[in-house]
Amino acid sequence: LERRKIWNLTNAGGHGFFSIAVPRQSELDSNRHFGDMLTDTGCSKNIVGHPQGQVRLLWGLLGMFFLGYDALSIPLQVFELGTVTMVFETVNMLTAVYWLLDMPLGCLFGFQYDNGLIEMRLRFVALHYLKTQ
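Just so it is clear, the structure is predicted and the values come from calculations on it, not from any experiment. (Residues numbered from 1 in each chain as written. Predicted model: local features only at pLDDT ≥ 70, side-chain atom pairs only at ≥ 80, totals over all residues. Heavy atoms only, no water.)

Chemist: Talk me through the overall build of the protein chain; I want residue IDs and the actual numbers.
Modeler: For the protein chain, the count of helices and strands is four helices and three strands. In sequence order, the protein chain lays out its α and β elements as α-β-α-α-β-β-α. A total of 133 residues make up the protein chain; the buried ones form 27% of that total. Contacts in the protein chain between residues far apart in sequence, at least 24 positions, make up 62% of those at least 6 positions apart. For the protein chain, the computed accessible surface area is about 9,900 Å², with 65% contributed by carbon and sulfur atoms. (Helix = DSSP H or I, 4+ residues; strand = E, 2+ residues; numbered from the N terminus. Buried < 20%, exposed > 50% of the residue type's maximum accessible area, 1.4 Å probe, protein only. Contact = heavy atoms within 4.5 Å. Areas by Shrake-Rupley, 256 points an atom, 1.4 Å probe, with all protein chains shown as cover.)

Chemist: Which residues make up the pattern of salt bridges, and what are the values?
Modeler: The tally for this structure, following the rule as stated, stands at one salt bridge. A salt bridge links E119 to R121, with the nearest nitrogen and oxygen atoms 2.7 Å apart. Like E119, the residue R121 is buried in the burial classification. (Salt bridge = Lys/Arg side-chain N within 4 Å of Asp/Glu carboxyl O.)

Chemist: Go over the layout of surface pockets, please, and point to the residues and values.
Modeler: Unfilled space is identified by rolling a water-sized probe across the atoms. Reported here for the second largest pocket is a volume of approximately 160 Å³. What lines the second largest pocket is simply Y69, S73, L76, Q77, F79, E80, L81, T85, F88, E89 and N92. Counting residues per element, the lining of the second largest pocket draws most heavily on helix 3 (residues 85–106), which supplies four residues. Of the residues in the lining of the second largest pocket, the class split is five nonpolar, four polar and two charged. (1 Å grid on protein atoms, 1.4 Å probe; cavity = no way out; pocket = protein on both sides within 12 Å on 5 of 7 lines; lining within 4 Å. Points joined across faces, edges and corners; volume = space filled by probe spheres on them. Nonpolar A, V, L, I, M, F, W, Y, C, P; charged D, E, K, R; others polar.)

See below:
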């Protein structure tokens, strides 16, 4: 029995199943410097956000707020809080929406390789997100 070529996990020559989503070593090493960005040329270059950009910072700060809110409010749900319950229900809904959107939106922010290159190509960012999250 022989394994089909498509199931070989290789990126040499583009003959493997995952080869289209693994950057070649030459892309990472050829005349690149710390902080250089690897970007697409198509319309997807406007979709991926910079990993140290203002939008990413704001999204992270919003996540810290909701995480702190959850840490305080979830234990309080045991008690009867009276009129404050309407405020908690509203913020709980906002929190649920944030956590629901956090996973797919996390896939739309670039990342930085160990050698300092910043990956902004959507297919590589999505694959990296799926592997690490």
